[in-house]
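# Structural features, examined
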Amino acid sequence: VMGGFSKQRPLPEVDPLNFASRVRTPTLLLNGRYGFYFPEDTTQIPMFRLFALPDDQKRRVVYDTGHTIPRAELIRESFAWLDRYLGPVR
């Protein structure tokens, strides 16, 4: 939720840029289009593109919000994603 590359340059050993291409777990990324901390074009999209996953194992959902996601949508999308990969709760 609200992921992206930081605008500040971290040390190489903890730089998310070095780890994004190693992501192999199905990944759901929920973002606000107008997020001030993780701007869409410069932080969100580059991170999503670097995930080392087939397109059917990664999903990015963008909301017309800032640095928050509507709670009902966050729950709906998260549960749907978890149901897909872990199975529905019985």
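What this report covers is the structure whose coordinates are included nearby. It should be emphasised that the depicted structure is a prediction, and the values quoted were computed from it without experimental measurement.

### Some remarks on the pattern of salt bridges
Applying the stated criterion across every chain, the model contains six salt bridges. Connected through shared salt-bridge partners, Arg33, Glu40, Arg60 and Asp64 make up one network.

### Remarks on the pairing of strand S1 (residues 27–32)
Most of S1 is tucked away: six of the six residues are buried. Burial along S1 is two-sided: Thr27, Leu29 and Asn31 and Leu28, Leu30 and Gly32, pointing in opposite directions, are all buried. For S1 and strand S2 (residues 58–63), the ladder comprises six bridges, and the chain directions are parallel. Pairing of Leu30 across the sheet is with Val61, part of S2. Handedness of the S1-helix H2 (residues 40–50)-S2 crossover: right-handed.

### Let's talk about the nonpolar core
Counting residues in hydrophobic clusters, the biggest one holds seven residues: Phe5, Ala20, Leu29, Met47, Phe48, Phe51 and Leu53. Beyond its immediate chain neighbours, meaning those up to four positions away, Phe51 contacts Ala20, Val23, Thr27 and Lys58. Within the second largest apolar cluster, six residues are counted, among which are Leu28, Leu30, Tyr63 and Trp81.

### A look at the side chain of Glu40
Among the secondary structure elements, Glu40 is positioned in helix H2. Setting aside residues no more than four positions away along its own chain, Glu40 makes contact with Arg33, Ile45, Pro46, Arg60 and Val62.

### A word on H2
By the burial criterion, the buried members of H2 are Glu40, Thr43, Gln44, Met47 and Phe48. Along H2, the residues classed as buried sweep out an arc of 120° about the axis, all on the same side. Turned more than 90 degrees off the buried face of H2, the exposed positions are Asp41, Thr42 and Arg49. Here the buried face of H2 lies against helix H1 (17–20), S1 and S2.

The rules behind these values
Residues numbered from 1 in each chain as written. Predicted model: local features only at pLDDT ≥ 70, side-chain atom pairs only at ≥ 80, totals over all residues. Heavy atoms only, no water. Salt bridge = Lys/Arg side-chain N within 4 Å of Asp/Glu carboxyl O. Buried < 20%, exposed > 50% of the residue type's maximum accessible area, 1.4 Å probe, protein only. Helix = DSSP H or I, 4+ residues; strand = E, 2+ residues; numbered from the N terminus. Pairing = 2+ DSSP bridges. Right-handed = clockwise from strand over helix to strand, strands pointing away. Core = buried A, V, L, I, M, F, W, Y, C linked by side-chain atoms within 4.5 Å. Contact = heavy atoms within 4.5 Å. Arc of directions from axis to C-beta.

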